[in-house]
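Residue-level listing of the chains:
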Amino acid sequence: MGERIYLVQPDGSLRAMEETSYDSEVLLQTLLSDHPDLLPGDQIDEREPRRWLLVSREMGIPDAPDRSDRWSVDHLFLDQDGIPTLVEVKRSSDTRIRREVVGQMLDYAANAVVHWPSERIRAAFEAQTPEAEQRILALVQQADPGQIEEFWQRVETNLQAGKIRLIFVADRIPQELRRIVEFL
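Given the structure is predicted, the values throughout are model-derived calculations rather than measurements.

Visitor: Can you tell me about the overall build of the chain, naming the residues and giving the values?
Guide: When you go through the chain residue by residue, the secondary structure sums to seven helices and six strands. Along the chain, helices and strands appear, N-terminal first, in the series β-β-α-α-β-β-β-α-α-α-α-β-α. Dimensions of the chain, computed from C-alpha atoms along their principal axes, come out at roughly 55 × 40 × 30 Å. Looking at the chain as a whole, 42% of its 184 residues qualify as buried. A fraction of 61% describes how many contacts in the chain between residues 6 or more apart in sequence connect residues 24 or more apart. The chain carries 22 positive and 34 negative side-chain charges, and their two centres are separated by 5 Å.

This is how it looks when you write it as C-alpha cells:
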C-alpha cells in the first residue's frame, strides 16, 4: 500500500489520509499539550523511550536572577529521568524557522539552566496539573510516594549540570534547520 496512511471507516471502507500543513502554530501547540506522545520519545532512546510530563505551555524564562520573565518557551516537558525538555513550535512557512529559532532556543536554554530553580518548575507543574503527584509516579512508573522527591531532585541535578533537551517541532523541518541542529 505504499507510504499512505488509511483510516478504516465504520462501514469497513478505507479512507486515505491526506497530508496538510497546519493553519496555525496554536493548533500544533495544542496537539502537543494534549498528546505529549507526539514527541519522539523512541527516537531519543530506542531501548527506553522517553515518556513526557507537560509542566507548562509558555513557560517564562528570566534573563537575570529575581527579574521578570523575558522570554517564554512554547512547552516545557520533563521526561522520566527528570530532564527538562524545551519544545519550540514553528510552522514551516514561518521564515524564522530557518535560523532564528536556533538562536532563540539557545537563549532559552542558556538562561533556563541558570535562572530556573527546580522549585519554580515544580510550582508551575503543580499549579496547573490535577493529581500532580500521581502523574509523576505514573511517569517514573513507581508506586512509592518517596519517588516524588527523588524525581524533583533529579530535575534540580539536571538543571545544575546543564543537562536539558531542546526539541524543534514543525509541520516540516526545513533542510537548513536540520543541518544546523545536526551540526550542533
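Visitor: Tell me about the packing of aromatic side chains, and name the residues and values.
Guide: Tallying each qualifying case throughout the model produces four aromatic pairs. Relative to Phe77, the ring of Trp52 lies with its centre 6.3 Å away and its plane at 70°, an arrangement referred to as edge-to-face. Taken together, the residues span a long stretch of sequence, with Trp52 in strand β3 (residues 52-62) and Phe77 in strand β4 (residues 69-79) at a distance of 25 residues. The buried category is assigned to Trp52, whose relative accessible area is 8%.

Visitor: Talk me through helix α5 (residues 132-139); I want residue IDs and the actual numbers.
Guide: Those residues of α5 that fall on the buried side of the exposure criterion are Ala132, Ile136, Leu137 and Leu139. Angular distribution of buried residues about the axis of α5 spans 160°; they occupy a single face of the element. The inward-facing, buried residues of α5 contact β3, β4, α4 (118-128) and α6 (146-160). Within two residues after α5, Gln141 carries a phi angle of roughly 55°, on the positive side.

Visitor: Residue-level account of the pattern of salt bridges, with values.
Guide: This model, assessed by the stated rule, comprises 13 salt bridges. Between Asp79 and Arg165 there is a salt bridge; the shortest N-O distance is 3.1 Å. Separated by 86 residues along the polypeptide, Asp79 in strand β4 and Arg165 in strand β6 (residues 165-170) bring together distant segments of the chain. Taken individually, Asp79 and Arg165 each receive the classification buried, so the pair is uniform in this respect. The partner of Arg122 in a salt bridge is Glu126, and the shortest N-O contact between them spans 3.0 Å. In this pair, Arg122 and Glu126 are both assigned in helix α4, four residues apart and thus about one turn of the helix distant. The structure contains a network of salt bridges with shared partners spanning Asp45, Glu48, Arg50, Asp79, Asp81 and Arg165.

Visitor: Just give me the short version of the nonpolar core, but keep the residues and values in it.
Guide: Judged by nonpolar contacts, the single largest core of 32 residues is most densely connected at Val73, Leu76, Trp116, Ile121, Phe151 and Trp152. Elements with a contribution of two residues or more to this core: β3, β4, α3 (100-115), α4, α5, α6 and β6. Judged by nonpolar contacts, the second largest core, of ten residues, contains Leu28, Phe77, Val87 and Ile167.

Visitor: Account for the pairing of β3, naming residues and giving values.
Guide: Of all eleven residues that make up β3, nine are buried, and the element is covered over most of its length. When β3 meets β4, the two strands line up antiparallel, connected through nine bridges. Each residue of the ladder has a partner; that of Arg57, found in β4, is His75. Turn length for the β3-β4 hairpin, with the two strands adjacent in sequence and antiparallel, is six residues, and the turn residue Asp66 shows positive phi of about 55°.

Thresholds, definitions, all that
Residues numbered from 1 in each chain as written. Predicted model: local features only at pLDDT ≥ 70, side-chain atom pairs only at ≥ 80, totals over all residues. Heavy atoms only, no water. Helix = DSSP H or I, 4+ residues; strand = E, 2+ residues; numbered from the N terminus. Buried < 20%, exposed > 50% of the residue type's maximum accessible area, 1.4 Å probe, protein only. Contact = heavy atoms within 4.5 Å. Lys, Arg positive; Asp, Glu negative; His and termini not counted. Charge placed at Lys NZ, Arg CZ, Asp CG, Glu CD. Phe/Tyr/Trp six-rings, centres within 6.5 Å; stacked < 30°, edge-to-face > 60°. Arc of directions from axis to C-beta. Salt bridge = Lys/Arg side-chain N within 4 Å of Asp/Glu carboxyl O. Core = buried A, V, L, I, M, F, W, Y, C linked by side-chain atoms within 4.5 Å. Pairing = 2+ DSSP bridges.

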